[in-house]
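Read off the chains here:
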Amino acid sequence: MIEVKNLYKSFGKKSVLNGINLTINKGDVVAIIGPSGCGKSTFLRCLNMLEEPTSGEILLDGEIAFKKYSLYTQNEIKSLKEKLKIATKEEKVQHLVELTTLKEKFEVEKKEERQIASKMEKGINLHRQKVGMVFQQFNLFNNLNIIDNITLAPMKLKKIGKETAENIALDLLDKVGLRDRAKDYPSMLSGGQKQRVAIVRALAMDPEVLLFDEPTSALDPEMVGEVLNVMTDLAKDGMTMVVVTHEMGFAREVANRVVFIDEGVIKEEAPPKEFFSNPKDPRLKDFLSKVL
């Protein structure tokens, strides 16, 4: 469903993602774990284009959603120019041939990227409808009641009628045990209830994939369970999910794959049983020894 190839992301001179490669299949529940600041949340934000990657490729349902390799090629050109300064006469001939090839490659990539960027700009809302996101801090609109929070996007973006949108919202609220709070405002809800509403808001757009960015980290411990229960039910219903989490129990029991990111790269990926019982990467072993 989603294929990520050589994904890089930098903020100025700070490199956050350093070549992520990952395939997410329909029905997968992928738990992403790792130390703070390792690039987990940035990776999620790149998947639904809240952040534009620096380079790499993202495919959704086999179609290119993002592609940019010219910057990587441009850096190769710069590196080769530096090599030319200290190259021998024989090496210079070879380097000049390589440089010509790289420059031609760069021009082709730039042209292709402009075409993809133009297409993506027009289809960005459609992409985000397919790839829903649940945030750490809920991000509900405090000036709207619960049902209006949920129906706003379906009515504006999908042009669904108010009555239909409200019926969908009420059915979803019923599934998470909050139908009776439809007319309340976010300030009247607990943290766990707000997060359940945030999940319903994402589901109301009927996404193909749901991204969760540490959905329980802002909650009191007693509220964590109610949100994890909703997520577990979604997994049982076959929802494709990518979950950045510190909840190792959820990763072990609900996910079918666990991914460890550190220093902006995937250090290890495996089914939960193998991942937790037989970690291979030394950094993962150290990380698990501290969190389990």
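Residues numbered from 1 in each chain as written. Predicted model: local features only at pLDDT ≥ 70, side-chain atom pairs only at ≥ 80, totals over all residues. Heavy atoms only, no water.

Visitor: Whenever I open this one, the overall build of the chain confuses me. Can you help?
Guide: Check the secondary structure of the chain and you find 10 helices and 10 strands. The principal-axis extents of the C-alpha atoms in the chain amount to approximately 80 × 50 × 30 Å. Split into buried and exposed, the 292 residues of the chain put 50% on the buried side. Carbon and sulfur atoms form 50% of the exposed surface of the chain, whose accessible area is close to 15000 Å². When the 44 positive and 43 negative side-chain charges of the chain are each reduced to one mean point, those points stand 5 Å apart. (Helix = DSSP H or I, 4+ residues; strand = E, 2+ residues; numbered from the N terminus. Buried < 20%, exposed > 50% of the residue type's maximum accessible area, 1.4 Å probe, protein only. Areas by Shrake-Rupley, 256 points an atom, 1.4 Å probe, with all protein chains shown as cover. Lys, Arg positive; Asp, Glu negative; His and termini not counted. Charge placed at Lys NZ, Arg CZ, Asp CG, Glu CD.)

Visitor: Looking at this structure, how should I read the packing of aromatic side chains?
Guide: In this description, a pair of aromatic rings is defined by centroid distance and the angle of the planes. Considering all chains together, one arrives at two aromatic pairs under this definition. The interplanar angle of 75° and the centroid separation of 5.2 Å between the aromatic rings of Phe275 and Phe276 together place this pair among those described as edge-to-face. The same class applies to Phe275 and to Phe276, which are both buried. The residue whose ring lies beneath Lys9 is Phe11, and the NZ or CZ to ring-centre distance is 4.8 Å. (Phe/Tyr/Trp six-rings, centres within 6.5 Å; stacked < 30°, edge-to-face > 60°. Lys NZ or Arg CZ within 6 Å of the ring centre and 35° of its normal.)

Visitor: Would you explain the sheet that holds strand β4 (residues 55-60) in this entry?
Guide: Each strand in a sheet pairs with its neighbour through backbone hydrogen bonds, running either in the same direction (parallel) or in the opposite one (antiparallel). As summarised here, the arrangement of the four strands in space is β2-β1-β4-β5, forming an open sheet in which the pairing is antiparallel. The open sheet has two edge strands, β2 (14-24) and β5 (63-68), and neither has a second partner. Within the sheet, the average angular offset between the axes of one strand and its neighbour, ignoring direction, is 15°. Here strand β1 (residues 2-11) runs beside β4; their pairing, made up of five bridges, is antiparallel. Residue pairing for β4: Val4 is matched across the bridge by Ile58. Where helix α3 (residues 89-130) meets the sheet, its contacts fall on β4 and β5, and the angle it forms with β5 comes to roughly 130°. (Pairing = 2+ DSSP bridges. Axes fitted to C-alpha atoms, helices over the stretch in contact; angles between N-to-C directions. Contact = heavy atoms within 4.5 Å.)

Visitor: Any chance you could explain the sheet that holds strand β7 (residues 209-213) here in plain terms?
Guide: Ordered in space as β6-β7-β8-β3-β9-β10, the six strands form an open sheet in which the pairing is mixed. The open sheet has two free edges, formed respectively by β6 (131-134) and β10 (265-270), since each of these has just one partner strand. Direction aside, neighbouring strands of the sheet carry axes that sit 20° apart on average. Two elements, β7 and strand β8 (residues 240-244), share five bridges in a ladder whose sense is parallel. By the bridge assignment for β8, Val209 is matched with Thr240. Strands in contact with α3 are β6 and β7; relative to β6, the strand with the most contacts, it is inclined by about 65°.

Visitor: Sorry, what's going on with the state of the cysteines here?
Guide: Every disulfide links exactly two cysteines, by a covalent bond between their sulfur atoms. Per the stated rule, a full pass over the model turns up zero disulfides. Cysteine Cys38 shares no disulfide, and the gap to the nearest cysteine sulfur, in Cys46, comes to 13 Å. Judged by its relative accessible area of 4%, Cys38 is buried. (Disulfide = S-S within 2.5 Å.)

Visitor: Help me understand the nonpolar core in this model?
Guide: Across soluble globular proteins, nonpolar side chains show a tendency to be buried alongside one another. Ile199, Leu210, Phe212, Met231, Met241 and Phe275 are the most contacted members of the largest nonpolar core, which has 50 residues in total. Top contributing element to this core by residue count: helix α7 (residues 221-236), with eight residues. Leu7, Ile32, Cys38 and Leu60 belong to the second-largest nonpolar core, a separate cluster that totals 31 residues. (Core = buried A, V, L, I, M, F, W, Y, C linked by side-chain atoms within 4.5 Å.)

Visitor: Please explain the pattern of salt bridges as it appears in this structure.
Guide: Close approach of charged atoms allows side chains with opposite charge to pair. For the structure on display, the rule yields 16 salt bridges. The partner of Arg257 in a salt bridge is Asp28, with the nearest N and O atoms 2.6 Å apart. Taken together, the residues span a long stretch of sequence, with Arg257 in strand β9 (residues 257-262) and Asp28 in the loop between β2 and β3 (29-33) at a distance of 229 residues. Accessibility expressed as a relative area gives 13% for Arg257, which makes it buried. Look at Asp28 and you get buried, because its relative accessible area is 7%. Glu274 is the partner of Lys280 in a salt bridge, and the nearest nitrogen-oxygen pair spans 3.0 Å. The class for Lys280 is partly exposed, based on a relative accessible area of 49%. Exposure remark for Glu274: the relative accessible area of 37% places this residue in the partly exposed category. Put simply, Asp262, Glu263, Lys267, Arg283, Asp286 and Lys290 are held in one network by salt bridges that share partners. (Salt bridge = Lys/Arg side-chain N within 4 Å of Asp/Glu carboxyl O.)

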